[in-house]
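Listed below are the residues making up each chain.
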Amino acid sequence: MSQAMDPKEKAERIGHIIDHLVDALGGEPACTLRRAVILADIDEFPGTTQAEIMDRLGAHKSALNRDIEWLYDYGCIMRQQSGRDGREIRLHIAGYSKKNLDLSLDYFEKSHKSLKNFLIHYINLFGQHRPTLRDAKIVATVGSLKTVKRQDVFDVLYNGPLTTDNRALNNLIAAGILQKTGND
């Protein structure tokens, strides 16, 4: 992403990237940004194993196992048994996930490393809070608008239950990631 663009335009682009990632991850805005990093890693290294992902990303085995299982259950990745070793499972990104991840990669000149670095940086901005794609979209939306009302944020989210969106926004305020100003 270009450093020369104004903050509003940058926030809008981040929102578009997040939208494509939501689509790549089964249309699930509650998915964590960490899973988006894992999906991008699998796309960058087709036929990779969980052990190789752990090495590259410094992921913990149990957490990675859960994330890989989730990605598989949502149809984002495919598993393939290795021809050399029957215990070794190779991972590949699935069709709709590939298409939508590629749309996100367009913002990074097709650089998986840049997309992963962007996501990891975004995760680090949240501190102890474990950010979801919905959280990232809320922050990007707030960054792209001069004055923000709750309804403005809800209008660009993913048609989920209003209670879920409201809870996510309140959690971001409680965590100090966003600040509430005025009455709304």
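Preceding this paragraph is the structure being described.
Let me sum up the structure you'll find in this document. Note that this is a predicted model, so its numbers are computed, not measured.

1. Overview of the packing of aromatic side chains
Summed over the entire model, instances satisfying the criterion amount to four aromatic pairs. Pairing Phe-108 with Phe-118 gives two aromatic rings, centres 5.4 Å apart and planes at 45°, and the pair type is tilted. Of this pair, Phe-108 sits in the loop between helix H5 (95-105) and helix H6 (112-125) while Phe-118 sits in helix H6, and the two are 10 residues apart along the sequence. Given a relative accessible area of 13%, Phe-118 falls into the buried group. When the ring of Phe-118 is compared with that of Tyr-122, the centres are 5.5 Å apart and the planes differ by 50°; the resulting orientation is tilted. One end of the pair is Phe-118 and the other is Tyr-122, both in helix H6 and four residues apart, which spans about a single turn. Since its relative accessible area comes to 6%, Tyr-122 is described here as buried. Chaining the aromatic ring pairs together yields one cluster made of Phe-108, Phe-118, Tyr-122 and Phe-126. Lying across the ring of Phe-45, Arg-56 places its NZ or CZ 4.0 Å from the centre. One Lys or Arg, Arg-79, reaches over the ring of Tyr-72 and ends 4.0 Å from the middle of that ring.

Definitions and limits used
Residues numbered from 1 in each chain as written. Predicted model: local features only at pLDDT ≥ 70, side-chain atom pairs only at ≥ 80, totals over all residues. Heavy atoms only, no water. Phe/Tyr/Trp six-rings, centres within 6.5 Å; stacked < 30°, edge-to-face > 60°. Helix = DSSP H or I, 4+ residues; strand = E, 2+ residues; numbered from the N terminus. Buried < 20%, exposed > 50% of the residue type's maximum accessible area, 1.4 Å probe, protein only. Lys NZ or Arg CZ within 6 Å of the ring centre and 35° of its normal.

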